[in-house]
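# A structural walkthrough
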Amino acid sequence: MEPPSDFFLSSLCPSGWKTEKGSCVINYQYINSLEKNGGLGQSLPNVKLDPKVIDLGRYLFFDPILSGDKQLSCAHCHHPAYSLSDGRKQSIGKDGTGYGPERKNGVVLKRSAPSLWNVLYMKHLFWEGRAANLEDQADGPLYSPDEMGSSPAIIESRLNENPFYQKMFRLAYGQKGTKISAELVVDAISSFERSLVSFSSRFDKWSTGDKEALSDEELLGYNVFRSFVARCAECHPPPMFTNNVFATIGVLDSGVRDYGRETITGQDLLRGSFRVPSLRNIAKTAPYMHAGNLETLEEVVNFYNEGGGRGNGAPSDLRIHWHVRKMGLSQNEITSLISFLKALTDESSMPKFPKSVPSGLPVALELESYHRSSKK
């Protein structure tokens, strides 16, 4: 059986990538001088991906066929309309209905869903960093009984019985794709997730020479951002705007106390410590923090300005990072800082979502909502 034309895999590299000897490589057109503009000499990922594997991963990402009850896809919690997050304080897993902030019922998960932008650069996945790479991370939601509730046997049985996926895996992987395995499914999804890059914000254009790209207010905000008063850039250095480590800032939990990184390492030094997220597209990924209990960027900046957990009633047994102290920023500096953070928005590489998926199951998106969000 021939798949519909929509299901043929693309040989073109996605936006933000360029073709090099048949593979896709990241197009760093606006990042060519890391030492300038406050950069700390971070190395940038230089991976090569197969465009057909990326495209296969895109279909799998949006297809609920991977979940045990065929109701939940990866896109339900990492949706394009919410900048590859879900706009919720805490995500809803199994037995939920809908997606994004309107999703209801079902299992309420412990934490918020991080955005997937530039996830290929992250050295640790999940808020407490329990996975070291995207392949390990994928096993978490796929096989968790609270989330997708699937198993390798379910995935392999369903996909090997689907003639569209049979052909698509052969197109992507050649002879190796003749028998679809859970490992290949995870490989394709991970390739798709690695393709989600964001390096073309107005800040990037300004940093490579377009001095009109930022307003005076945004430049003031950038100076506040990298100042020794605010110290934002010490944990969120450009170009990735994260230092890829864990920090305890003392943000309060929404419900049951969350011990964060300590649950992985057993070190009380890391109690309440979480992965420092990237700030790219931060204006699009509210609410904020691991518990999603800060609704706006204004609330986030005010939280830090008041001393983080030190000024907001954090438990006394937390070892809050020494940089997190009352800053004393003026209202003008706060406003400028927020303006600068909004200049880090770049969704030009947002993936094209499929109108339908090979399983024939409903796709978790609603076009009007997505376009409305894109125009903000």
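Residues numbered from 1 in each chain as written. Predicted model: local features only at pLDDT ≥ 70, side-chain atom pairs only at ≥ 80, totals over all residues. Heavy atoms only, no water.

Scanning the model with the defined rule gives 1 disulfide in all. Two residues, Cys 13 and Cys 24, share a disulfide whose sulfurs are 2.2 Å apart. On the S-S bond that ties Cys 13 to Cys 24, the torsion sits near -95 degrees, and the link is left-handed. Of this pair, Cys 13 sits in the segment before strand 1 (17-20) while Cys 24 is found in strand 2 (residues 23-26), placing the two residues 11 residues apart along the sequence. Accessibility assignment for this pair places Cys 13 and Cys 24 in one class, buried. We note that Cys 77 lacks a disulfide partner, and the nearest cysteine sulfur, in Cys 74, lies 9.1 Å from it. Under the relative-accessibility criterion, Cys 77 is labelled buried at 12%. (Disulfide = S-S within 2.5 Å. Helix = DSSP H or I, 4+ residues; strand = E, 2+ residues; numbered from the N terminus. Buried < 20%, exposed > 50% of the residue type's maximum accessible area, 1.4 Å probe, protein only.)

Moving on: the packing of aromatic side chains. Applying the stated rule across the entire model yields 17 aromatic pairs. Here Phe 203 and Tyr 222 contribute two aromatic rings whose centre-to-centre distance is 5.2 Å and whose plane-to-plane angle is 70 degrees, an arrangement assigned as edge-to-face. Taken as a pair, Phe 203 in helix 6 (residues 202-207) and Tyr 222 in helix 7 (residues 216-225) lie far apart in primary sequence, 19 residues in all. Among the residues examined, Phe 203 registers a relative accessible area of 2% and is labelled buried. Chaining the aromatic ring pairs together yields one cluster made of Phe 203, Trp 206, Tyr 222, Phe 225, Phe 241 and Phe 340. Across from the ring centre of Tyr 59, 4.8 Å away, lies the NZ or CZ of Arg 58, which sits over that ring. Positioned above the aromatic ring of Trp 206, the side-chain terminus of Lys 211 is 4.3 Å from the ring centre. (Phe/Tyr/Trp six-rings, centres within 6.5 Å; stacked < 30°, edge-to-face > 60°. Lys NZ or Arg CZ within 6 Å of the ring centre and 35° of its normal.)

Mapped onto the elements of the fold, Val 276 is located in the loop between strand 4 (274-275) and helix 10 (297-305). On the basis of relative accessible area, Val 276 is assigned to the buried category, the value being 5%. As a C-alpha pair, Val 276 and Lys 110 span 166 residues in sequence and 18 Å in three-dimensional space.

What follows concerns the packing of helix 1 (residues 51-62) against helix 4 (residues 163-173). In the contact formed by helix 1 and helix 4, the axes pass within 8 Å of each other and the chain directions differ by 150 degrees. Judged on the interaxial angle alone, helix 4 and helix 1 are roughly antiparallel. In this structure, helix 1 meets helix 4 at a crossing whose hand is left-handed. Between helix 1 and helix 4, the contacting residues are Lys 52, Val 53, Leu 56, Tyr 59 and Leu 60 on the first element and Tyr 165, Met 168, Phe 169, Leu 171, Ala 172 and Tyr 173 on the second. Class assignment of the residues belonging to the contact of helix 1 with helix 4 gives a composition of 10 nonpolar, no polar and 1 charged. (Axes fitted to C-alpha atoms, helices over the stretch in contact; angles between N-to-C directions. Parallel < 35°, antiparallel > 145°, perpendicular 65-115°, else oblique. Left-handed = near helix turned anticlockwise from the far one by under 90°. Contact = heavy atoms within 4.5 Å. Nonpolar A, V, L, I, M, F, W, Y, C, P; charged D, E, K, R; others polar.)

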